[in-house]
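Letter by letter, the chains look like this.
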Amino acid sequence: MSKAKIVLVSFVWLIILTIGVLLYRLWYVPTSAQKAEQAEQQIVEATSGNSKYKTRLKLGLDAFSGYAILRSNEMNQQLESQGIKVELVDDGANYQQRLSGLASGELQMAAFPIDALLKASETLGSLPATIVAIIDESRGADALVAYQQKYPTVDALNSPNTRFVLVGDSPSETLVRVLMDDIQLDSVNSNSFVKVANEKELLARYRAATAQGNEVFVTWEPIVSELLANDQLHVLVDSQSPSGYIVDALVVSRDFLIKNESAVRGVLECYFRARYAFNDPQKLTELILNDAAEGATKLTQAQAEKLTGTIQWKNTQENLAHFGLTSENVVFIERMIDRIKRVLLATKGLTTDPTQGDSTKLFYEHVLSELQASGFHPGISPETVRGDAELATLNSQQWEKLKPVGTLSVPPLVFARGTAVLTEQSQQQLDDLVEKLQSWPQYYLMVRGNAGSRGDAEANRALAKQRADAALQYLMSKGVVERRMRAIDGEITGNMSVTFILGQPAY
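As a starting point, this report considers the structure included with it. Note that the coordinates shown come from a computational prediction; the quantities given were computed from them, not determined experimentally.

### A short note on the overall build of the protein
Scanning the protein from N- to C-terminus turns up 17 helices and 15 strands. The C-alpha radius of gyration of the protein comes to 31 Å, more than 25% above the 23 Å expected for a compact globule of 507 residues. In terms of its C-alpha atoms, the protein occupies a principal-axis envelope of roughly 130 × 65 × 45 Å. By residue count, 47% of the 507 residues in the protein fall in the buried class. Looking at the protein as shown, the accessible area adds up to about 25100 Å², and 50% of this sits on carbon and sulfur atoms. Averaging the positions of the 49 positive and the 59 negative side-chain charges in the protein gives two centres separated by 5 Å.

See the structure below:
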């Protein structure tokens with residue numbers, strides 16, 4: 001055999017050997033390993049027990065005390081009895097991450113402030129989740145705190161120098177935006193915000209502040225109480241009023257809801273039973289203390305009690321009412337979402353409406369409706385639907401001592417020339433005012449008629465008072481109770497106008 005043939009044969013055998021080695025490494029070895037792994041897995045499965053859980057899901061949330069019931073042993077016991085395993089995923093209040101998790105399927109449920117859900121949905125460009133229940137509402141847990149000497153009233157905030165120090169994209173930011181929309185704060189805008197990363201940075205800004213500085217601290221309990229330990233500071237306004245804006249909801253991935261609605265109903269049943277178990281304020285305070293301790297946060301007894309009194313955890317009946325399934329007089333969830341959107345859009349908290357003008361896209365009442373139809377009750381004693389406390393009737397002396405809080409933002413009312421007859425345009429503006437007043441149930445309303453400077457001063461004053469009376473009568477015709485309002489004499493301001501001032505008793 002020639003030398004050339006020997007080289008060719010050797011080369012062919014080398015190729016065959018190489019192919020054989022490659023086949024051995026790439027096919028035979030992995031296949032054998034896979035078979036061995038499958039055999040081991042079959043042995044493990046054959047010698048494993050049966051899970052008692054029919055459903056497993058992940059729920060996104062953060063360390064907020066309002067979610068303490070979701071983290072409670074009572075909740076876990078209720079879920080276990082229903083065969084549901086819920087893994088809680090704490091994202092440190094990263095709402096964008098939370099919504100992305102719902103969109104990708106990494107999360108199936110989540111707790112969400114409604115304002116944050118709207119903002120995150122706009123950023124994501126879709127609505128991957130829907131609200132199935134309301135968890136809680138802040139009724140005083142969030143507040144604007146400032147040096148009383150510099151900012152005695154909300155109206156005093158109306159300065160281009162005012163700076164709101166707050167955690168960015170938090171519900172507390174929304175509280176400021178409500179003020180910007182409802183109160184005459186023309187000099188305030190989003191540039192007035194000083195956004196910090198967390199409450200520790202906010203406290204650092206407070207410690208560096210002076211009584212004559214421009215900082216207003218916008219935060220939540222227990223930080224509010226910590227700031228108020230300085231008696232030079234006071235609360236300008238808190239989330240007791242305006243109401244219906246800082247609300248936490250339980251949301252579900254739409255994909256998971258379509259495929260597992262019965263499991264979602266099971267989670268709601270468990271939550272409402274756990275909520276019922278903490279009806280006793282003392283027991284709820286104990287839960288908040290323990291929950292904070294497990295999250296490495298220290299709360300005093302007084303701080304925990306304050307949280308118990310300023311967070312309103314919604315029960316089953318309140319949820320049915322908010323979702324329009326009973327006739328109780330509470331804010332319907334669609335209207336609640338509409339209000340929040342209006343404020344965020346008006347103050348540039350949102351650039352566009354992620355629901356495209358249809359707030360029904362953001363909630364789903366059928367799960368609650370099924371609970372109602374089944375005759376579900378979380379406990380033996382009936383639950384009550386809590387409303388706002390009625391304002392007491394004031395005498396003349398009390399009205400005179402009423403402390404002004406802020407002047408509502410209302411376009412100038414137009415009257416027929418030289419009369420107190422409201423035009424159609426003015427009636428529409430007062431209709432909008434009625435809506436605003438429903439968000440501020442804790443305050444009285446002083447309707448002040450201001451007089452023009454031209455002509456007879458006394459005649460101008462009389463006409464100004466008549467116009468204030470006309471506005472008051474119109475508000476009464478639209479359902480605003482008489483004991484809440486009073487027409488008061490104004491001043492000679494140079495133009496005939498009617499202003500609307502929120503007030504509260506000077507305690």
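On we go from here.
### Some remarks on the side chain of Ser170
Position of Ser170 among the secondary structure elements: in the loop between strand S6 (163-167) and helix H5 (171-182). Ser170 gets classed as buried once you look at its relative accessible area, which sits at 4%. In contact with Ser170, other than residues within four places in its own chain, are Asp115 and Trp220.

### Digging into the pairing of strand S3 (residues 109-113)
In terms of burial, S3 is a largely internal element, five of the five residues being buried. Neither face of S3 is left uncovered, since the one carrying Met109, Ala111 and Pro113 and the one carrying Ala110 and Phe112 both have all their residues buried. As judged from the two bridges shared by strand S1 (residues 55-61) and S3, these two strands associate in the parallel manner. The residue bridging Gly60 from the neighbouring strand is Ala110, located in S3.

### Re the pattern of salt bridges
For the coordinates displayed, the defined rule picks out 23 salt bridges. Its salt-bridge partner being Glu173, residue Lys195 comes within 3.6 Å of it at the nearest N-O pair. Note that Lys195 is positioned in strand S7 (residues 193-196) and Glu173 in helix H5, a separation of 22 residues in sequence. For Lys195, a relative accessible area of 46% puts it in the partly exposed group. Its relative accessible area of 1% is what places Glu173 among the buried residues. Of the charged contacts in the structure, one is a salt bridge between Asp353 and Lys341, with a shortest N-O distance of 3.0 Å. Here Asp353, found in the loop between helix H13 (333-346) and helix H14 (366-373), pairs with Lys341, found in helix H13; they are twelve residues apart in sequence, far enough to count as distant. In this structure, a network of salt bridges that share partners links the residues Lys119, Asp169, Glu173, Arg177 and Lys195.

### Examining the sheet that holds S7
Ordered by their spatial adjacency, five strands build an open sheet running S7-S6-S8-S5-S9, and the pairing between neighbours is mixed. Edge positions in the open sheet fall to S7 and strand S9 (233-238), since each of these has one partner strand only. Each strand axis lies, on average, 30° off the axis of its neighbour in the sheet, ignoring direction. As paired elements, S6 and S7 share four bridges and run parallel to each other. From the neighbouring strand, Phe164 faces S7, where its bridge partner is Phe193. Against the sheet, H5 engages strand S5 (142-147), S6, S7, strand S8 (215-220) and S9, with an angle of about 70° to S5. Packing against the sheet, helix H6 (residues 199-207) makes contact with S5, S6, S7, S8 and S9, and its axis sits at approximately 150° to S8.

### What to know about a nonpolar patch on the surface
Where nonpolar side chains cluster on the molecular surface, the patch consists of Phe11, Leu14, Ile15 and Ile19 and spans about 380 Å² of accessible area. Within the secondary structure, Ile15 sits in helix H1 (residues 3-46).

### So, helix H11 (residues 301-310)
Listed in full, the buried residues belonging to H11 are Gln303, Ala304, Leu307, Thr308 and Thr310. Those residues of H11 that are buried are in contact with strand S4 (129-138), helix H10 (281-294) and strand S11 (311-313).

### Details of the packing of helix H4 (residues 114-124) against H13
Relative orientation of the contacting elements H4 and H13 amounts to 60°, with a least axis distance of 10 Å. As judged from the angle between their axes, H4 and H13 are oblique. The hand of the H4/H13 crossing is right-handed. Of the residues in H13, those touching H4 at Ile114, Asp115, Leu118 and Lys119 are Met336, Ile337, Ile340, Lys341 and Leu344. By residue class, the composition of the contact of H4 with H13 is six nonpolar, no polar and three charged.

### Description of empty space enclosed by the protein
Per the counting criterion, the structure on display carries one cavity of 30 Å³ or more. Put simply, the largest cavity is a space of about 50 Å³. What lines the largest cavity is simply Leu59, Leu70, Met75, Asn76, Leu79, Val86, Leu88 and Val267. Contributions of two or more residues to the lining of the largest cavity are made by helix H2 (73-81) and strand S2 (84-90). The biggest single contributor to the lining of the largest cavity is H2, with three residues. Among the residues forming the lining of the largest cavity, the class breakdown is seven nonpolar, one polar and no charged.

### Let's talk about the sheet that holds strand S10 (residues 247-253)
Within a sheet, adjacent strands bond to each other through the backbone by hydrogen bonds, running parallel or antiparallel. Reading across the sheet, the six strands line up as S2-S1-S3-S10-S4-S11 and stay open at both edges, with mixed pairing between neighbours. Unpaired on one side and paired on the other, S2 and S11 mark the two borders of the sheet. Looking at each pair of strands side by side, their axes are set apart by 30° on average, direction ignored. Bridge count between S3 and S10: five bridges; the pairing is antiparallel. When the bridges of S10 are listed, Phe112 appears paired with Ala249.

### What to know about the packing of aromatic side chains
Enumeration over the complete set of coordinates arrives at nine aromatic pairs. Ring plane angle 80° and centroid distance 5.8 Å describe the contact between Phe332 and Phe363, whose orientation is recorded as edge-to-face. On the criterion of sequence distance, the pair formed by Phe332 in the loop between helix H12 (316-322) and H13 and Phe363 in the loop between H13 and H14 is long-range, its members being 31 residues apart. For Phe363, a relative accessible area of 8% gives the class buried. For the pair Trp399 and Tyr444, a centre-to-centre distance of 5.5 Å together with 75° between the ring planes defines the contact as edge-to-face.

Rules of the game
Residues numbered from 1 in each chain as written. Predicted model: local features only at pLDDT ≥ 70, side-chain atom pairs only at ≥ 80, totals over all residues. Heavy atoms only, no water. Helix = DSSP H or I, 4+ residues; strand = E, 2+ residues; numbered from the N terminus. Rg over C-alpha atoms; globule rule 2.2 N^0.38 Å. Buried < 20%, exposed > 50% of the residue type's maximum accessible area, 1.4 Å probe, protein only. Areas by Shrake-Rupley, 256 points an atom, 1.4 Å probe, with all protein chains shown as cover. Lys, Arg positive; Asp, Glu negative; His and termini not counted. Charge placed at Lys NZ, Arg CZ, Asp CG, Glu CD. Contact = heavy atoms within 4.5 Å. Pairing = 2+ DSSP bridges. Salt bridge = Lys/Arg side-chain N within 4 Å of Asp/Glu carboxyl O. Axes fitted to C-alpha atoms, helices over the stretch in contact; angles between N-to-C directions. Patch = residues over 30% accessible without salt bridge, like charges linked within 9 Å, V, L, I, M, F, W, Y side chains within 5 Å. Parallel < 35°, antiparallel > 145°, perpendicular 65-115°, else oblique. Left-handed = near helix turned anticlockwise from the far one by under 90°. Nonpolar A, V, L, I, M, F, W, Y, C, P; charged D, E, K, R; others polar. 1 Å grid on protein atoms, 1.4 Å probe; cavity = no way out; pocket = protein on both sides within 12 Å on 5 of 7 lines; lining within 4 Å. Points joined across faces, edges and corners; volume = space filled by probe spheres on them. Phe/Tyr/Trp six-rings, centres within 6.5 Å; stacked < 30°, edge-to-face > 60°.

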